[in-house]
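Understanding the architecture of this molecule
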Amino acid sequence: MAGPTDDWIGLDHVRGVIADLSLEGTEAQRCLGVLSRRLDGRPLPMAYVMRTMRDGELKQAEKLGATACFPPHALPRTIVTGLFRQIAPEKTMTELLVEHSFDRAELLFTDMFRAGRRGRIDLAAADDEIDPILHAMEDGGLWRWLDLVQAHDDMTVRHCLLVAGLAAHFMLHLRPRFITG
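First, a word on what this report is: a plain description of the structure on this page. (Residues numbered from 1 in each chain as written. Predicted model: local features only at pLDDT ≥ 70, side-chain atom pairs only at ≥ 80, totals over all residues. Heavy atoms only, no water.)

**Focus on helix α6 (residues 142-152)**
Turning to α6, its buried residues are Trp145, Leu146, Leu148 and Val149. Considered in projection along α6, the buried side chains sweep an arc of 155 degrees and stay on one side of the axis. Opposite the buried face of α6, by more than 90 degrees, sit the exposed residues Trp143 and Ala151. (Buried < 20%, exposed > 50% of the residue type's maximum accessible area, 1.4 Å probe, protein only. Helix = DSSP H or I, 4+ residues; strand = E, 2+ residues; numbered from the N terminus. Arc of directions from axis to C-beta.)

Next comes the structure, spelled out in structure tokens:
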């Protein structure tokens with residue numbers, strides 16, 4: 001989230017910008033001008049949600065670096081999808097969401113291991129991160145998730161599969177005790 005006074009420092013990790021603005025005001029133009037100078041020619045997908053889609057305003061948006069313009073009634077999902085199509089045109093939204101969830105999971109586990117060494121794990125924070133991971137697996141499938149893990153670390157995939165096999169085997173031995181009839 002940035003505003004007219006933002007100096008756009010720390011753009012190294014920014015992969016795209018969505019700007020909801022009116023180009024009729026000088027503040028928005030100044031803010032986007034600063035962004036353009038900070039990028040110094042680095043291509044960065046920028047989706048603008050425009051108040052009007054008049055020709056003059058669209059030309060001004062293009063001069064300020066817009067790579068896509070959307071009308072004000074565009075659905076947020078449409079805007080985000082449009083931006084992601086510019087960032088990674090060869091990937092589907094599902095693939096991007098699974099990859100994003102994988103990155104979040106990696107951060108979660110890194111933080112948990114650090115916290116464990118200090119003796120305090122924030123279970124509420126871990127709990128907040130589990131649902132997006134489960135949704136990513138549901139949307140992309142277990143195999144896509146495992147492919148990402150394997151690309152990151154082959155030994156981790158082997159460990160995951162071994163643990164899953166042991167858990168399944170353990171469940172098979174418990175099943176007769178819990179099934180009646």
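Read on for the rest.
**Observations regarding the pattern of salt bridges**
Tallied over the entire structure, the rule returns two salt bridges. Among the ionic pairs, Lys59 bridges to Asp55, the shortest N-O distance being 3.3 Å. One end of the pair, Lys59, and the other, Asp55, are both in helix α2 (residues 55-63), four residues apart, so they sit about a helical turn from each other. Take Asp55: its relative accessible area is 51%, and that puts it in the exposed class. Notably, a salt bridge pairs Asp111 with Arg114, separated by 3.9 Å at the nearest N-O pair. Residue Asp111 and its partner Arg114 are both found in helix α4 (residues 93-118); the two are separated by three residues, about one turn of the helix. The class of Asp111 is partly exposed, set by a relative accessible area of 44%. (Salt bridge = Lys/Arg side-chain N within 4 Å of Asp/Glu carboxyl O.)

**Examining the sheet that holds strand β3 (residues 68-70)**
Taken in spatial order, the three strands line up as β1-β2-β3 in an open sheet, and their pairing is parallel. Edge positions in the sheet fall to β1 (17-21) and β3, since each has one partner strand and no second. Pairwise comparison of adjacent strand axes, ignoring direction, gives a mean angle of 20 degrees for this sheet. Of the strands in this sheet, β1, β2 (46-50) and β3 are in contact with helix α3 (residues 76-87), which crosses β2 at around 155 degrees. (Pairing = 2+ DSSP bridges. Axes fitted to C-alpha atoms, helices over the stretch in contact; angles between N-to-C directions. Contact = heavy atoms within 4.5 Å.)

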